[in-house]
Amino acid sequence: MGSNLGNARNREIGATMSVPVIFIHNNRWETWIPTVLRQAEKYNEQVILISDHQGYTDVVNYREGMDRFYRSYVNMSSNPLFFEGSAFCRWIILAEYMEKENIPVAFHLDTDVLIFANMSTEYANKYAGYPVTLVTGNCGASTFITKECAIKFRDFLMSAYEDRNDTFTELKRVYDELQAQGLDGGACDMYAWKLFIAQNKITYAEMTDVANKTTYDHTIRQSMPGNYNMKDGIKDIQFLEDHMPYCVGEAGVVQFKSLHFQGMTDSLIPEFYRRSNG
């Protein structure tokens, strides 16, 4: 395993600031995570996994905020505590890491996402100036984020659960309504992002927009946004001579800078890694 497992700081590479790629994964280990890390390392100089698993950047050094959050956190979701709580806490861990290591900008993504680009270059060319980027306006599966925004979102979450403020009331309302209708779901980090963006009037960049015939994936299981061709229940991804993934959608042939293997499709990660490196 060649992942950088020490500290990371933004630094200049030529005229482009180096943006570290940061994964956060605790609790149950998944066999495909090393493959995801190798793919990220193919294009990026700094790849960090913050984890409670040995051999990676130890989460114990960045969990002060998480421990505080869990003292007031209430799981208002049909999903189990470890799942939903971890989704919230990754943002708190990320903010603490960026703050302690003085990282002005990071690219944070889920551990079931393969990436196909240098994120320092992507940030410089497309996203510099935005405090955060999101997938479909509320999902942090592939996200550039500044240290200031990460800290502000952490404080937003802390205040919601510690103070039981209007944000908490809204999260609880969503959960109660779903429960009353017998539906799954509830308060999640995605809805918290939606509230945070609206309340703070933050201008974000949308990662699924097509720019120069390139985009980022929401989930390989869905055609939208972009109305991409599907095959056998997933996007009909083709790897061309440049070993990059492409799919045909309403914008024509589009190159994907990321592929998100959400849910049961995570079993396809090794296959797609081989296809991109064949």
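Residues numbered from 1 in each chain as written. Predicted model: local features only at pLDDT ≥ 70, side-chain atom pairs only at ≥ 80, totals over all residues. Heavy atoms only, no water.

Participant: Please provide a residue-by-residue account of the overall build of the protein chain, values included.
Facilitator: Tallying secondary structure elements over the protein chain gives eight helices and 17 strands in all. Taken against the 2.2 N^0.38 rule, which gives 19 Å for 278 residues, the C-alpha radius of gyration of the protein chain at 18 Å falls within 12% of a compact globule. Projected onto its principal axes, the C-alpha positions of the protein chain cover 55 × 45 × 35 Å. Counting every position in the protein chain, which comprises 278 residues, the buried fraction comes to 54%. Counted over contacts in the protein chain with a minimum sequence separation of 6, partners at least 24 positions apart contribute 70%. Accessible area of the protein chain: about 12,400 Å², with a carbon and sulfur share of 49%. Distance between charge centroids for the protein chain: 1 Å, based on 26 positive and 35 negative side chains. (Helix = DSSP H or I, 4+ residues; strand = E, 2+ residues; numbered from the N terminus. Rg over C-alpha atoms; globule rule 2.2 N^0.38 Å. Buried < 20%, exposed > 50% of the residue type's maximum accessible area, 1.4 Å probe, protein only. Contact = heavy atoms within 4.5 Å. Areas by Shrake-Rupley, 256 points an atom, 1.4 Å probe, with all protein chains shown as cover. Lys, Arg positive; Asp, Glu negative; His and termini not counted. Charge placed at Lys NZ, Arg CZ, Asp CG, Glu CD.)

Participant: Could you give me a rundown of the pairing of strand β16 (residues 252-256), with the residues and numbers involved?
Facilitator: When strand β11 (residues 214-215) meets β16, the two strands line up parallel, connected through two bridges. Directly across from T214, in β16, lies its bridge partner Q255. Where strand β15 (residues 245-249) and β16 come together, four bridges link them in antiparallel fashion. The partner of C247 across the bridge, within β16, is V254. (Pairing = 2+ DSSP bridges.)

Participant: Explain the packing of aromatic side chains residue by residue, including any values.
Facilitator: If you walk through the whole model with that rule in mind, you get 27 aromatic pairs. Summarising the aromatic geometry, the rings of Y62 and Y97 are spaced 4.8 Å apart at their centres and angled 65° between planes, so their arrangement reads as edge-to-face. Of this pair, Y62 sits in the loop between β5 (57-58) and α2 (64-72) while Y97 sits in helix α3 (residues 81-101); the two residues are 35 residues apart in sequence, bridging distant segments of the chain. Judged by relative accessible area, Y97 falls into the buried class, the value being 0%. Between the aromatic rings of Y73 and F88, the centroid separation amounts to 5.6 Å while the plane-to-plane angle is 55°, which identifies the pairing as tilted. Separated by 15 residues along the polypeptide, Y73 in the loop between α2 and α3 and F88 in helix α3 bring together distant segments of the chain. You'll find Y73 and F88 in the same group, each marked buried. Ring-pair connections join several aromatic residues into one group, and the members of that group are F69, Y70, Y73, F88, Y161 and F168. Positioned above the aromatic ring of F272 is the side chain of R275, whose terminal nitrogen or guanidinium carbon lies 4.8 Å from the ring centre. (Phe/Tyr/Trp six-rings, centres within 6.5 Å; stacked < 30°, edge-to-face > 60°. Lys NZ or Arg CZ within 6 Å of the ring centre and 35° of its normal.)

Participant: Summarise the layout of surface pockets; cite the residues concerned and give the values.
Facilitator: In this model, the largest pocket occupies a volume close to 1,300 Å³. Along its surface, the largest pocket is lined by 44 residues, and F83, S86, A87, D110 and D112 are the ones closest to its centre. Secondary structure elements with two or more residues in the lining of the largest pocket: β3 (21-25), α2, α3, β6 (105-109) and α7 (189-200). A total of eight residues in the lining of the largest pocket trace back to one element, the largest contributor, which is α3. Partitioning the lining of the largest pocket into residue classes produces 16 nonpolar, 17 polar and 11 charged. (1 Å grid on protein atoms, 1.4 Å probe; cavity = no way out; pocket = protein on both sides within 12 Å on 5 of 7 lines; lining within 4 Å. Points joined across faces, edges and corners; volume = space filled by probe spheres on them. Nonpolar A, V, L, I, M, F, W, Y, C, P; charged D, E, K, R; others polar.)

Participant: Break down the nonpolar core for me, with residues and values.
Facilitator: Ranked by internal contacts, the top residues of the largest apolar core, which has 46 residues, are I22, F69, I145, L157, Y161 and W193. Secondary structure elements with two or more residues in this core: β3, β4 (47-51), α2, α3, α5 (147-163), α6 (166-180) and α7. Among residues more than four places away in sequence, those in contact with I145 are W91, L94, M98, P104, V105, A106, P131, V132, A150 and W193. Membership of the second largest hydrophobic core comes to 44 residues, among which are F23, Y56, F239 and L259. (Core = buried A, V, L, I, M, F, W, Y, C linked by side-chain atoms within 4.5 Å.)

Participant: Tell me what's going on with the sheet that holds strand β9 (residues 142-146), and back it up with residues and numbers.
Facilitator: Across a sheet, strands are paired by hydrogen bonds formed along the backbone, either parallel or antiparallel in direction. The sheet built from five strands is open, its strands ordered β5-β4-β3-β6-β9 with mixed pairing. The sheet is open, and its two edges are formed by β5 and β9, each paired on a single side. Relative to β9, β6 runs antiparallel, the two being bridged by five bridges. In the sheet register, A106 faces β9, and the bridge partner there is I145.

Participant: Go over the packing of α6 against α7 with me, naming the residues and quoting the values.
Facilitator: Across the interface, α6 lies against α7 with an axial gap of 11 Å and an inter-helix angle of 140°. Here α7 runs oblique to α6, going by the angle between their axes. You can see that α6 and α7 cross each other, and the crossing is right-handed. Contacts from T167, E170, L171, R173 and V174 of α6 reach α7 at Y191, A192, L195 and Q199. (Axes fitted to C-alpha atoms, helices over the stretch in contact; angles between N-to-C directions. Parallel < 35°, antiparallel > 145°, perpendicular 65-115°, else oblique. Left-handed = near helix turned anticlockwise from the far one by under 90°.)

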